[in-house]
Amino acid sequence: MVLTFVSGTRSLLLTYERSYSYTMRCVLLAQLFEPMVLGGQTLPNRFVLPPLTRSRAQADGVPTPLMAEYYRQRAGAGLVISEGTVVSPQGSAYPQVPGLYTEAQVEAWRPVVAAARSKGAAVYAQLWHVGRQAHSSVQPDGRPPVGPSPIAIAGWEYRTPDGPVPFEVPRALSEADIAGIIAQFVTAARNAVAAGFDGVELHAANGYLFDQFFNSSSNQRTDRYGGSIENRLRFLYEVIEAVSAFVPVNRIGVRISPSSNWMDVSDPDKRSLYSALVRGVSDRRLAYLHLVEPGIAGAVDAETDPTAIESTELGALFDGPVIVTGGHTPETAAAAVGSGSADLVGFGRLFIANPDLPRRVLHEAELSGLREEGLYAGGPIGYTDYPELQSSN
Ligand SMILES: Cc1cc2nc3c(=O)[nH]c(=O)nc-3n(C[C@H](O)[C@H](O)[C@H](O)COP(=O)(O)O)c2cc1C
């Protein structure tokens, strides 16, 4: 009889424990469904579709109807950030990425943007110039790519259709060239507004052109764009200043990857470099700071460097909304939002594999895994064929 009593109490306790942890989990996840204001717009939740290159545009960078379907499927995010969208042919390294520098591209973006906002999301265009990550085989007139200094990327290879080749030594940009690239960003930002985007994100992460200016390994200039940290940040500030003539600053976001050496961008003092950058963009009252978490190298997971700078440290220096992306699950995302260390959380690979991710989290539905097939090119397979939940769920 005593035994029956003890085991009965234990199962009661277990049931209580389970329902308590279930309730706590629901309370935790509910934080991802709190609306918030960004750039004067109310976002329905804290989920972000971060920029994800999927290479489904036409060869001339014109978006396709298939892209509209892809973004429609993922429109349940609070904030949708477009895949990296190049500001010029010179800014491009890979086939079939979209652009925002021709009238035909602007026209074709309109239905894609409309699809992305069909459930109330704010929609931003990620503006991209790859700098020295390009290759003469894909550059206008077969010229070498450009960069702050004539220093090739070491330790990585450029993937041509015929196989990997070493990166080339870039042509160092003159001050007139830099002014020309700033003008490319301005045109692309104006075009983004014309296409219906609510704002723009400057892609200053992952070793692309902005990041090449920031880091001393790729920037050995002796003019006002090199040397001191302030000089290495000048190109970013000048782009923000120029773009803000057409897009209000509270609709301009900046994405950085402070703990990544991906594509050979290194600096002996990343902490001082990125702290100064975050303070600088904070002073400019931007829409948001988008931080790629340590432990991410470009599009994949990597060993976390012991010198990595935690997002909480940099986020605390920014007076405004902070987005963190990289390796998050709904639980870690909710913890970040709940603790106040982030306002919004990006889910890259999870959003590719689960087009209706917020709805799945809300309904506690199982999450699908990512397939490699069709990740970077092709048609609907691996792109728009991930199933959405049935409407009865
Ligand atoms: C297929 C793929 C394409 C990506 N393309 C971009 C891009 O265009 N711009 C960018 O800033 N980051 C890009 N990323 C990085 C993601 O935005 C994100 O930082 C990364 O996937 C880590 O987040 P996750 O762990 O949630 O996937 C890409 C990642 C993947 C997997």
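Residues numbered from 1 in each chain as written. Predicted model: local features only at pLDDT ≥ 70, side-chain atom pairs only at ≥ 80, totals over all residues. Heavy atoms only, no water.

## Let's talk about the overall build of the protein
Each helix and strand in the protein was counted, giving 11 helices and 16 strands. For the protein, whose C-alpha radius of gyration is 22 Å, the value lies close to the compact-globule estimate of 21 Å for 393 residues. With respect to the principal axes defined by its C-alpha atoms, the protein has extents near 90 × 45 × 45 Å. Burial status across the protein gives 53% buried among its 393 residues. For the protein, contacts bridging at least 24 residues in sequence account for 73% of all contacts bridging at least 6. As displayed, the protein offers around 16,400 Å² of accessible surface, 57% of which is attributable to carbon and sulfur atoms. Side-chain charges in the protein split into 31 positive and 40 negative, and the spacing between the mean points of these groups amounts to 3 Å. (Helix = DSSP H or I, 4+ residues; strand = E, 2+ residues; numbered from the N terminus. Rg over C-alpha atoms; globule rule 2.2 N^0.38 Å. Buried < 20%, exposed > 50% of the residue type's maximum accessible area, 1.4 Å probe, protein only. Contact = heavy atoms within 4.5 Å. Areas by Shrake-Rupley, 256 points an atom, 1.4 Å probe, with all protein chains shown as cover. Lys, Arg positive; Asp, Glu negative; His and termini not counted. Charge placed at Lys NZ, Arg CZ, Asp CG, Glu CD.)

## Quick look at the pairing of strand β8 (residues 163-166)
As paired elements, strand β7 (residues 157-160) and β8 share 4 bridges and run antiparallel to each other. In the strand pairing of β8, Tyr-158 is matched with Val-165. (Pairing = 2+ DSSP bridges.)

## Some details on the domain arrangement of the protein
Segmentation of the protein into domains returns domain 1 (1-33) and domain 2 (35-362). On a C-alpha basis, the centres of domain 1 and domain 2 stand 44 Å from each other. The junction of domain 1 with domain 2 conceals about 930 Å² of combined surface from both sides, 73% of it contributed by carbon and sulfur atoms. Ranking the residues of domain 1 by area buried against domain 2 places Gln-31, Leu-32 and Phe-33 at the top, with a combined share of 72%. Viewed at the interface, domain 2 and domain 1 are joined by 1 salt bridge. (Domains from an automatic or database assignment. Buried area = accessible area lost by both parts, 1.4 Å probe. Salt bridge = Lys/Arg side-chain N within 4 Å of Asp/Glu carboxyl O.)

## A few points about the side chain of Thr-64
Summarising the element assignment, Thr-64 is placed in the loop between β3 (47-49) and α2 (65-73). Relative accessible area serves as the criterion here: at 14%, Thr-64 is assigned to the buried category. One polar contact links the side chain of Thr-64 to the main-chain carbonyl oxygen of Arg-56, over a distance of 2.9 Å. Thr-64 has contacts with Arg-56, Ala-57, Gln-58 and Val-112, leaving out every residue within four places of it along the chain. (Polar contact = N/O pair within 3.5 Å; in protein donor to acceptor, adjacent residues only side chain to side chain.)

## Remarks on unusual backbone geometry
Phi at Asp-141 is positive, roughly 60°, even though this residue is not glycine. Looking at the secondary structure, you find Asp-141 in the loop between β5 (122-128) and β6 (146-147). Residue Asp-141 is classed as exposed on the basis of its relative accessible area, which comes to 71%. With a phi close to 55°, Glu-364 is a non-glycine residue in the positive phi region.

## Observations regarding the sheet that holds strand β10 (residues 199-203)
Paired through backbone hydrogen bonds, the strands of a sheet run either parallel or antiparallel to each other. As summarised here, the arrangement of the 8 strands in space is β3-β4-β5-β10-β11-β12-β15-β16, forming a closed barrel in which the pairing is parallel. The sheet shows a mean angle of 25° between the axes of neighbouring strands, direction not considered. Looking at chain direction, strand β4 (residues 79-86) and β5 are connected through 6 bridges and run parallel. Note that in β5 the partner of Thr-85 across the bridge is Leu-127. (Axes fitted to C-alpha atoms, helices over the stretch in contact; angles between N-to-C directions.)

## A look at the site of the ligand
Around the ligand lies a shell of 20 residues, among which Thr-53, Arg-255, Gly-327, Gly-348 and Arg-349 are the nearest. In the model, an oxygen atom of the ligand is placed 2.8 Å from a nitrogen or oxygen of the Pro-51 main chain. A distance of 3.1 Å is found between an oxygen atom of the ligand and a side-chain nitrogen or oxygen belonging to His-203. In the complex, 95% of the free accessible area of the ligand, which totals 610 Å², lies under the protein chains. (Near = heavy atom within 4 Å.)

## Topic: the environment of Arg-285
Within the element layout of this structure, Arg-285 appears in the loop between α7 (270-283) and β12 (288-292). Looking at Arg-285, its side chain comes within polar contact range of the side chain of Asp-319, at 3.1 Å.

## Some words on the packing of helix α3 (residues 103-116) against helix α4 (residues 175-195)
When two helices pack together, their arrangement is given by the angle between their axes and by how far apart the axes lie. Packing of α3 against α4 brings their axes to within 8 Å, and their N-to-C directions diverge by 50°. By the criterion of interaxial angle, the relationship of α3 to α4 is oblique. Here α3 and α4 pass one another in a crossing that is right-handed. Every residue of α4 that contacts α3 at Val-106, Trp-109, Arg-110 and Val-113 is listed here: Asn-191, Ala-194 and Ala-195. Taken together, the residues of the contact of α3 with α4 sort by class into 5 nonpolar, 1 polar and 1 charged. (Parallel < 35°, antiparallel > 145°, perpendicular 65-115°, else oblique. Left-handed = near helix turned anticlockwise from the far one by under 90°. Nonpolar A, V, L, I, M, F, W, Y, C, P; charged D, E, K, R; others polar.)

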